[in-house]
Amino acid sequence: MRSQRGFALVAALWLLVALSAAALHLSLRARDRRLAAANVAEETQARAAALSGLAHARALLTRRLEEREGLAGGSASPLSLDPWRDVERLFPDSLALPHASYRVVLRDAGAALNLNLATEEELLRLLLALGVDGGRADQIAQSVMDWRDPDDLHRGRGAERDFYERVSAPAVPRNGPFADLSELAYVRGVTPEIHRRLRPHLTLLGSGQVNLNAADPVVLLSLPGMSDGAVGVLMRYRSQGRALGTLFELSQELSPKARYLFLAELPRLMLRTTTETREIEARSEGWVVGSRVRVRAEGLLVRAGGTAYLVGRRIR
């Protein structure tokens, strides 16, 4: 009788342990599901906030175009001449919604060199302007062109798929345009330091035209015909709060030697540059207050008449 009671007690204890384990398992699964549902809800709210940031940017840029139309009959001003000038100042801080917030960063797409549209010469000049050694700069410029072109024939100092496979590289050329600036880090010759220095001066958005009134000296020096003297004139204009109107105006400010080089490349320079802001890179980050979830949305805002249009939107 005593042994039967002991067995029953042990069985009851094991049953209790099994039930407790099952209850704990179900509790943990329910907790995981609640957390997953909460994450989905927070991600949805953050996504909506990020998209709100893009919509807000489009509205503000459209308003500037409308203000320009209203000033068309009045005296010239920086706003009437270029309504999207200095757009970087439109969003000085993050903005709060009832349950989420967003932060928007705007940049003139013409302030950077388009990695998918730049010529080999322009890439070489950009790298040299950043202080990269001539041999390394030439290797990188040719390798970038090989990465972009549709064939597997490498340039003299470039690299195609066979090279990257031979060295067990983490990525191989896509034989097409770069999809993200992070890809540049895998191109032959690009070190982490060079990638860090290059990235702020590059973009993948826009028509590829460089805005002479917005690009920094490094980008300006990558353009055909742009000497130190020409860049110096543009920097002087900006320090005086002036904007360049035409390339002819710039040529009149140059020394005879710089003007000769400038005019020799003028046809190409006219195709590659602009003096007003017509394309804006917009990057918006949305989040729920108190959450670690972040959603980023980006796109290109372009001018068409008196309206700003959002094209090429991407969310990640």
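Quick summary incoming for the structure in this document.

**What to know about the nonpolar core**
Phase 1: Counting 46 residues, the largest nonpolar core has Leu184 and Met226 as its most contacted members.
Phase 2: The set of elements that each furnish at least two residues to this core consists of α3 (120-129), α4 (134-148), α5 (161-166), α6 (192-198), α7 (217-221), α8 (228-239), α9 (247-251) and α10 (256-264).
Phase 3: Of the residues forming this core, the biggest block, six residues, is contributed by α4.
Phase 4: With 21 residues, the next largest nonpolar core counts Leu54, Ala282, Ala297 and Ala308 among its residues.

**Overview of the pairing of strand β7 (residues 279-288)**
Phase 1: Burial analysis of β7 places nine of its 10 residues in the buried class, which makes it a mostly covered element.
Phase 2: In the sheet, strand β2 (residues 100-108) pairs with β7 via nine bridges, with the strands oriented antiparallel. Bridge assignment links Leu106 to a residue of β7, and that residue is Ala282.
Phase 3: Summarising the sheet, β7 and strand β8 (residues 294-304) pair through nine bridges and their orientation is antiparallel. Paired with Trp287 across the two strands is Arg294, which belongs to β8.
Phase 4: Here β7 folds back onto β8 in antiparallel fashion, the turn holding five residues, of which Gly290 has a positive phi close to 90 degrees.

**Focus: the pattern of salt bridges**
Phase 1: Counted according to the given criterion, the structure contains 24 salt bridges.
Phase 2: Close ionic contact of Arg161 with Glu165 constitutes a salt bridge, the shortest N to O distance being 3.8 Å. Note that Arg161 and Glu165 are positioned in helix α5 at a spacing of four residues, about one turn of the helix.
Phase 3: As a salt-bridge pair, Arg236 and Glu253 come within 3.0 Å of each other at their nearest N and O atoms. Remark: Glu253 occurs in the loop between α9 and α10 and Arg236 occurs in helix α8; sequence separation between them is 17 residues.

How each quantity is defined
- Each residue is numbered by its place in its chain's sequence as written, counting from 1.
- Local features are withheld for residues below a pLDDT of 70 in this predicted model, meaning they are given only at 70 or higher, and side-chain atom pairs are given and counted only at 80 or more; totals for whole chains, interfaces and linings count all residues.
- To get the side-chain values, take all heavy atoms of the structure and skip hydrogens and water.
- We define the nonpolar core as a collection of buried residues of types Ala, Val, Leu, Ile, Met, Phe, Trp, Tyr and Cys that are connected through side-chain atoms lying within 4.5 Å of one another.
- To sort residues, take the accessible area from a 1.4 Å probe on protein chains only and compare it with the maximum for the residue type: under 20% means buried, over 50% means exposed, and anything in between is partly exposed.
- Segments assigned H or I by DSSP are reported as helices when at least four residues long, segments assigned E as strands when at least two residues long, and all are numbered from the N terminus.
- The criterion for strand pairing is that DSSP finds at least two bridges linking the strands in question.
- When a carboxyl oxygen of Asp or Glu lies within 4 Å of a side-chain nitrogen of Lys or Arg, that pair is called a salt bridge.

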